[in-house]
Amino acid sequence: MTIPQTPFIFLLLLFAFFTPTHQNVSVSLSKTTLSKSGDSVLIQWSGVDSPSKLDWLGIYSPPSSHHDNFIGYNFLSSSPTWESGSGSISLPLVNLRSNYSFRIFRWTEAEVDRNHLDQDHNPLPGTAHLLATSDDELTFESGRGPDQIHLSYTDADDEMRVMFLTSDAGERTVRYGPSDDSLDDVAVAHVERYEREHMCDSPANASIGWRDPGFIHGAVMTRLKKGLRYYYKVGSDNGGWSKTHSFVSRNGDSDETTAFMFGDMGTATPYATFSRTQDESISTVKWILRDIEALGDKPAFVSHIGDISYARGYSWLWDQFFSQIEPLASKLPYHVCIGNHEYDWTLQPWKPEWATMYGKDGGGECGVPYSLKFNMPGNSSEPTGTGAPATRNLYYSFDVGSVHFVYISTETNFVQGSKQLEFIKRDLEGVDRRKIPFVVVQGHRPMYTTSNERGDAPMREKMLEHLEPLFVKNNVTLALWGHVHRYERFCQLNNYTCGSVGPVHVVIGMAGQDSQPIWEPRPDHLTDPVHPQPERSLYRGGEFGYTRLVATKQKLTLSYVGNHDGKVHDTLEIFASGQVLGVNGASIKAVDSNSGGAGEPGVIGVVLITDTN
C-alpha cells in the first residue's frame, strides 16, 4: 500500500518535534546497594546539551512517585563540571524502606512559578521536561538490622526503653547485658504503626508528603543495676541485628545530674526539599557528642523541648531526623515535649476563643508521628477526635539525681479544670525538696520572651494566669522554653517583676531553626529592637547552640554553648540556698575531663577563669 506523501511528511515532522533532543543523556550510580542509613552514593550524569543553571536532579522514593512528588532536589550546577554537560553529586541517603531513583529535568526561566514555593519562599522546580532517569534503582542491604534507635527513661528507675524502626511487623527483641559479649537478657518489643488516614490534613495525608512510615518497635530493659554501663543490640535472626550500643543506667543513689537541653533543632538534608531544613542541627549534635565523650561512665540524658524534626507533613524528614540523632539517642535517653510543629492544625480538639496562635504549623500530622515515634514516661494523652491514635507524650516528670524534671504541653489544655493543670499542681506539690532541691519545668512556647512574638501574647497571658502561680508557690527553680530561636536568660520572675521569688526563665530554642523575628521592637520604630534590652532580660544570645545542665545537692549550673566555637558563652548558677548568679561573656580554658574535680561542678570539661559579675 502506498502512503500519501503529504501526511507521511507531516508524521515525520510531528515525530521529530516530539522526540526528545536529549537521547544521549544518561544517569548512573556508583553503587546500587547501600549498607546502612546515611551512607553515600555518587550520582553521575553526562550528555546534557546546552546545560543551564536551572537543570536539576530529582530524588525519588519510591521510584514510582509522580514527577512532582520528589523527596528532594539539587541543581546540576552544584557540580564543578556541570557546564561540560557532565558531572556528579554525592548524596548521603537514609533508608526509607523503599528504593530510590533519580531523574534529571530541564527547567526554564519562563516556567518559574512564583506561586509554587517551598517554605523558604523559593520557587519549586518544574517537571515538564524530563531529560533522563537512572537506569538502576538504589536499595539498602537486607538483613542489616533496624534503624533509628533511640532510648528513653520509663517510670521505673531500674529500666530503660529502646525504640527503633523496621520495614515489617515481625517480632524483634533487645538483647542486653553488662558487657558486649554477654547480652544474655532479652526483652520482646511491641510494635505500632500509623496509616495515611490517621493524618488529618495536607501535606501529611497527600501524595506529596506521605510515605510508608515503617513499623515502630519498643522494648524495655528491666532490672538494671544503678549507674552501670549496659550493652545492647536490637533486631532478630531473620531481620538482622543492629550493631551493639551502650548506655549508663540511672543511679538513684547519686546526687549528680547531667542533661543536654535545647529546643527547635530539626534536621539537615543533603538536598533542597519542600520544607525548610536546619543545617545548624549538625553542629548541635557534633558538640553534644563531644560532651558525651567527656562524661565517661556518668549517666546523662538529652532534653528536646518541642519542634522536633520540623517534618511538617513531609514524612521522610522524620526518618532523616532519627538517623541524625541516633549517635546521641542510642547512648543517652532522648526526652521530648510537644511543639506547634508537631501538632497544630485548624481543627485541633482544644482551641479556645483566645487561642488565635494555633494554625497549621504541624503540616497535617496532628501529633500522630510524634505520639508513636516516642514513648515518654507517664500516661498523658488526649483524644484526637479523628479516629487517629491519641496524642501522647504531653506532660510527665521524672527525677535524676538532685533535680526533678517536669515536661508540659503548651499545645493542649493547661487552664483551670484541665487534666494537665491538675497533673502539674499534684506533681509540684509532691516533690520532697529536702531530697531533691531543684525543680526544672520545660515547655515549648515561652511564658517570657523579649522576642517580637506578638501572636503568642494571648497564650502568655493564660500561662501567667494559670501556670505561674503554681510555679511561684512551689518554688520552681528553673523554667526552660523553646519556640523562640535564640537564647535568652531572665532574672527570677513573678508577673514580669525581678526579685527573689519565682523561677529563672531561660529560652533555649536555638538548636537549629533559623527563622527568627527581631527582639522586642521600639514603640516608635517597629522594625528596630529595643536597646538596651529590658531589665528583666539579663543575657541574649544570637548564636546557635544548646545548654548543659549539671547539678549536685548544692548547686545547679546551666551553661549556654555556642555552636560556632563549642565554648560557653553564658552561665547561670543557682544554689540550693536560693542564691542566683549569672556569668556571661566568660573566658574559658579547657581542662582534662578526667582530672577529678579540677573544674566547677556546673561545667563539663571547662572551668570559668574570669568575669565573676
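Residues numbered from 1 in each chain as written. Predicted model: local features only at pLDDT ≥ 70, side-chain atom pairs only at ≥ 80, totals over all residues. Heavy atoms only, no water.

### Brief notes about the pairing of strand E3 (residues 40-46)
- Burial along E3 is one-sided: the residues Val41, Ile43 and Trp45 are buried and none of Ser40, Leu42, Gln44 and Ser46 is.
- In this sheet, E3 lies alongside strand E1 (residues 26-29) in antiparallel orientation, the contact comprising 4 bridges. Along E3, the bridge assignment pairs Ser26 with Ser46.
- Of the strand pairs in this sheet, E3 and strand E6 (residues 87-92) are connected by 6 bridges, and their pairing is antiparallel. Bridged to Ser40 within E6 is Pro92. (Buried < 20%, exposed > 50% of the residue type's maximum accessible area, 1.4 Å probe, protein only. Helix = DSSP H or I, 4+ residues; strand = E, 2+ residues; numbered from the N terminus. Pairing = 2+ DSSP bridges.)

### Quick notes on the state of the cysteines
- Evaluation of the coordinates by the stated rule reveals 2 disulfides.
- The partner cysteine of Cys200 in its disulfide is Cys366, sulfur to sulfur 1.4 Å. Here Cys200 is found in the loop between strand E14 (190-192) and strand E15 (215-221), whereas its partner Cys366 is found in the loop between helix H4 (340-343) and helix H5 (368-373), with 166 residues between them in sequence.
- When its relative accessible area of 19% is taken as the criterion, Cys200 is described as buried.
- Relative accessible area serves as the criterion here: at 5%, Cys366 is assigned to the buried category.
- The side chain of Cys491 participates in a disulfide bridge whose partner is Cys498; the two sulfur atoms lie 2.0 Å from each other. Torsion about the S-S bond of the Cys491 and Cys498 cystine: about -80°, corresponding to left-handed handedness.
- Using a relative accessible area of 31% as the deciding quantity, one classes Cys498 as partly exposed.
- Along the protein, the cysteines engaged in disulfide bonds are linked according to the scheme 1-2, 3-4 when indexed in sequence order. (Disulfide = S-S within 2.5 Å.)

### Brief notes about the sheet that holds strand E11 (residues 160-166)
- Pairing within the open sheet is antiparallel, and its 4 strands lie in the order E10-E11-E15-E14. Looking at the sheet topology across the chains shown, the edges are occupied by strand E10 (147-152) and E14. Taking the axes of each pair of neighbouring strands and ignoring which way they run, one obtains an average angle of 20° across the sheet.
- Of the strands in this sheet, E10 and E11 touch helix H3 (residues 316-329), which is tilted by about 55° from E10. (Axes fitted to C-alpha atoms, helices over the stretch in contact; angles between N-to-C directions. Contact = heavy atoms within 4.5 Å.)

### Remarks on empty space enclosed by the protein
- For the structure shown, the criterion picks out 2 cavities of 30 Å³ or more.
- The calculated volume of the largest cavity comes to roughly 60 Å³.
- Residue lining of the largest cavity: Tyr194, Met199, Ala204, Gly209, Trp210, Gly313, Tyr314, Ser315, Trp318, Glu365 and Pro369, and that is the complete set.
- Its residues assigned to classes, the lining of the largest cavity shows 7 nonpolar, 3 polar and 1 charged.
- Volume-wise, the second largest cavity comes out at about 50 Å³.
- Surrounding the second largest cavity, Gln148, His150, Met163, Phe164, Leu165, Ile216, Phe322 and Lys373 form its lining.
- The set of elements that each furnish at least two residues to the lining of the second largest cavity consists of E10 and E11.
- The biggest single contributor to the lining of the second largest cavity is E11, with 3 residues.
- By residue class, the composition of the lining of the second largest cavity is 5 nonpolar, 2 polar and 1 charged. (1 Å grid on protein atoms, 1.4 Å probe; cavity = no way out; pocket = protein on both sides within 12 Å on 5 of 7 lines; lining within 4 Å. Points joined across faces, edges and corners; volume = space filled by probe spheres on them. Nonpolar A, V, L, I, M, F, W, Y, C, P; charged D, E, K, R; others polar.)

### Observations regarding helix H7 (residues 457-466)
- When we look at burial in H7, the residues that qualify are Met459, Arg460, Met463, Leu464 and His466.
- For H7, the elements touching its buried residues are helix H6 (419-429), helix H8 (468-473) and strand E27 (478-481).

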